Amino acid sequence: MQIISDVKELKTYLKGKEVGFVPTMGALHAGHLSLIKLSVANNQTTVVSIFVNPTQFLPGEDLNTYPKKTEADLKICEIAGVDVVFLPNIDDIYHDREIQILAPKVKGYILEGYNRPTHFDGVLQVVLKLFNIVKPTRAYFGKKDAQQLYLIQQMVRDLFLDVKIVPCEIVRDGDGLALSSRNEYLTPLERTKALALSKSLKRAGKLVSAGKTDVAQIKELCLEVLSEIEVEYFEIVDREFNLIENIELGNTLVLVAGRVGTTRLIDNLWI
């Protein structure tokens, strides 16, 4: 396995190769590993990037405390069969007086973007940079970050990027909690409370399975499950992130975000 930090060196190494790409911020867990395994199985060369991107954090967020486990991450990548780990420094990625990449005015500023208004600017900026460096054939993103996935797919379409985006299923712990690098912030009691997020989604799924389609009614019943956490949003939208009044089978997302203690978590259900 190659460990490369220099942009020019990486581009030279990858030239002419079919590349599967898994961009990460490190602190790898089984969710990341599922993406890596898909890439290894379906591409000649797999690249994993580890870069905590400062431009997607807002003031007061956890940029300086975000979990860093580089040695463990490299071991996970090696065992999984990764060919290259790209470990750039901030100065390798960002320069003074940069051209700005801006998220769409509506879809980038609702839900995840409402209280984090420049978050998706930073996400799209770094993903575009990484795509231009790695030039992947396929890039793998988890469906847990549903709005991020949607906006990256839109960027690829709008900017005519030659990469296939592969959405990957959410991976959960045995108790139902969606895997996240931020889960390690939780105390045992907070972790128990955090299960309310997945339980609210499970209730939504059961209601739909029972024939309920009225979005307002489903939201009301699901919010009951979230009474012990600070709910930022619980919304039901179509897969273009438009509000809907009734469930559309095969075209609906149920999205939840909340704080448990000081930790902000998100989860969703694709219906």
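About the cut-offs
Residues numbered from 1 in each chain as written. Predicted model: local features only at pLDDT ≥ 70, side-chain atom pairs only at ≥ 80, totals over all residues. Heavy atoms only, no water. Helix = DSSP H or I, 4+ residues; strand = E, 2+ residues; numbered from the N terminus. Buried < 20%, exposed > 50% of the residue type's maximum accessible area, 1.4 Å probe, protein only. Polar contact = N/O pair within 3.5 Å; in protein donor to acceptor, adjacent residues only side chain to side chain. Contact = heavy atoms within 4.5 Å. Pairing = 2+ DSSP bridges. Axes fitted to C-alpha atoms, helices over the stretch in contact; angles between N-to-C directions. Right-handed = clockwise from strand over helix to strand, strands pointing away. Core = buried A, V, L, I, M, F, W, Y, C linked by side-chain atoms within 4.5 Å. Salt bridge = Lys/Arg side-chain N within 4 Å of Asp/Glu carboxyl O.

(A) Up close: the side chain of N268. Inspection of the secondary structure puts N268 in strand 9 (residues 263-270). Overall, N268 belongs to the buried group, its relative accessible area being 2%. From its side chain, N268 meets the backbone oxygen of K144 in a polar contact 2.7 Å long. The residues touching N268, leaving out its near neighbours within four places in the chain, are K143, K144, D145, A146, I170, R172, L201, V254 and L255.

(B) Structural detail: the sheet that holds strand 8 (residues 252-260). With antiparallel pairing, 3 strands are arranged side by side in an open sheet as 7-8-9. For this open sheet the edge positions go to strand 7 (230-238) and strand 9, each flanked by a neighbour on one side alone. Going across the sheet, the axis of each strand differs from the next one's by a mean of 10 degrees, ignoring polarity. Bridge count between strand 8 and strand 9: 8 bridges; the pairing is antiparallel. The residue bridging A257 from the neighbouring strand is I266, located in strand 9.

(C) Main features of the pairing of strand 6 (residues 164-168). Judged from the 5 bridges that link them, strand 5 (residues 138-142) and strand 6 form a sheet pairing that is parallel. Counterpart to Y140 in the pairing with strand 6 is V166. Running through helix 6 (residues 146-158), the crossover from strand 5 to the neighbouring parallel element strand 6 is right-handed.

(D) Fine view of the nonpolar core. The biggest cluster of nonpolar side chains holds 42 residues, and the ones touching the most others in it are F131 and I165. Of all elements in the fold, only helix 1 (7-14), strand 2 (19-24), strand 4 (84-86), helix 5 (119-134), strand 5, helix 6, strand 7 and strand 8 reach the threshold of two or more residues within this core. Top element by residues in this core is helix 5. It accounts for 10 residues. Excluding its chain neighbours within four sequence positions, the residues that come into contact with F131 are F21, P136, A139, F141, I152, V156, L161, V163 and I165. Grouped together as the second largest cluster of nonpolar side chains are 24 residues, A194, I244, V256 and V260 included.

(E) Examining the pattern of salt bridges more closely. Counted according to the given criterion, the structure contains 16 salt bridges. For E61, the salt bridge is made with R116, and the minimal N-O distance between the two is 2.8 Å. Highlighted residues: E61 in the loop between strand 3 (45-50) and helix 3 (70-80) and R116 in the loop between helix 4 (90-93) and helix 5, separated in sequence by 55 residues. R191 is paired through a salt bridge with D175; the nearest N and O atoms lie 3.2 Å apart. Separated by 16 residues along the polypeptide, R191 in helix 7 (residues 188-209) and D175 in the loop between strand 6 and helix 7 bring together distant segments of the chain. Assessed through its relative accessible area of 38%, D175 is described here as partly exposed.

(F) Spatial organisation of unusual backbone geometry. Even without a glycine there, the phi angle at K135 is positive, about 50 degrees. For K135, a relative accessible area of 53% puts it in the exposed group. Despite not being glycine, F241 has its phi angle at roughly 65 degrees, a positive value. Tracing the backbone shows F241 in the loop between strand 7 and strand 8. Classification of F241 by relative accessible area gives buried; the value is 5%.

In short, geometric facts, not functional conclusions.
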